[in-house]
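Observations on chain architecture
If you want the building blocks of each chain, they are given just below.
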Amino acid sequence: MRMRIVAGELGGRFFESPDSQTTHPMSERMRGALFNILGDLRGKTVLDPFAGSGALSFESVSRGAASAVLLDNDKRAQRIIEGNIKSLGLEQKARLVKANSRMWSERNNDQFDLLLIDPPYHDMQLSTVSMLVKHLKPNGLMVLSYPGKGDEPTVNGVVVVDTRLYGDAALAFYRKRASD
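About the criteria used
- Residues numbered from 1 in each chain as written.
- Predicted model: local features only at pLDDT ≥ 70, side-chain atom pairs only at ≥ 80, totals over all residues.
- Heavy atoms only, no water.
- Helix = DSSP H or I, 4+ residues; strand = E, 2+ residues; numbered from the N terminus.
- Rg over C-alpha atoms; globule rule 2.2 N^0.38 Å.
- Buried < 20%, exposed > 50% of the residue type's maximum accessible area, 1.4 Å probe, protein only.
- Contact = heavy atoms within 4.5 Å.
- Areas by Shrake-Rupley, 256 points an atom, 1.4 Å probe, with all protein chains shown as cover.
- Lys, Arg positive; Asp, Glu negative; His and termini not counted.
- Charge placed at Lys NZ, Arg CZ, Asp CG, Glu CD.
- Pairing = 2+ DSSP bridges.
- Right-handed = clockwise from strand over helix to strand, strands pointing away.
- Axes fitted to C-alpha atoms, helices over the stretch in contact; angles between N-to-C directions.

1. What to know about the overall build of the protein chain
Within the protein chain one finds five helices and nine strands. In sequence order, the secondary structure elements of the protein chain are arranged as β-β-α-β-α-β-α-β-α-β-α-β-β-β. Taking 2.2 N^0.38 as the reference for a compact globule, 180 residues should give roughly 16 Å; the C-alpha atoms of the protein chain span a radius of gyration of 15 Å, in line with that estimate. With the principal axes as the frame, the protein chain shows a C-alpha extent of 40 × 35 × 30 Å. For the protein chain, the proportion of its 180 residues judged to be buried stands at 50%. Of all intrachain contacts in the protein chain linking residues separated by at least 6 positions in sequence, the fraction that spans at least 24 positions is 63%. Just so you have it, the protein chain exposes about 8,400 Å², and 47% of that area is on carbon and sulfur atoms. In the protein chain, which carries 24 positive and 21 negative side-chain charges, the distance between the mean positions of the two groups comes to 3 Å.

Shown next as structure tokens:
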């Protein structure tokens, strides 16, 4: 399936997305809304722990993020992400790590300005999501995509600052307090 980068330096460019049950690419409408909310990303570092196609990372870099680390353990998704990074010319700004998010987190202490977390809806892996908070810089922002039914998930170490509903999907915005 072909997807399009919504705006920024790479706006209008197409990239591939895996056709599989494990990947649910965020709609173009929802991505556009998300990045309009996020605003200026110049110089920001991004962690995309359930990368899928890489859409969230590519949109981030297109809109000025300094770099993005993409994590995915699905071999099909990894091949597609690698191809997308090359076709979009992002080898200097986007780095794919072929790893499970939990395993990577246990072995890594890197911190980022922005965590864009879009786990499979059939398995939200909230214990892993909570673990990933340690990779968020003080005052950093974490955005979690989740099924639009019910309240936003509770995540330790961050506070909810906003939620947005988009039909059957929702976004929760969490801020890491400077003292945490």
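Resuming the write-up.
2. Remarks on the pairing of strand β5 (residues 94–98)
As defined by bridge partners, strand β4 (residues 67–72) adjoins β5 across five bridges and the pair is classed as parallel. Looking across to β5, one finds that leucine 70 is bridged to leucine 96. Crossover connection from β4 via helix α3 (residues 75–87) to parallel β5: handedness right-handed.

3. A look at the sheet that holds strand β3 (residues 45–48)
In space, the seven strands of this open sheet follow the order β5-β4-β3-β6-β7-β9-β8, with mixed pairing throughout. Edge positions in the sheet fall to β5 and β8 (159–166), since each has one partner strand and no second. With strand direction ignored, the average angle separating the axes of adjacent strands in the sheet is 15 degrees. Across seven bridges, strand β7 (residues 136–147) lies against strand β9 (residues 169–175) in antiparallel orientation. In the strand pairing of β9, leucine 141 is matched with arginine 175.

4. Some details on the environment of leucine 70
Note that leucine 70 resides in strand β4. Residues leucine 70 and leucine 47, spaced 23 residues apart in sequence, show a C-alpha to C-alpha distance of 6.3 Å. Among residues more than four places away in sequence, those in contact with leucine 70 are Asp48, Ala51, Gly54, Ser57, Phe58, Ile81, Ala94, Arg95, Leu96 and Val97.

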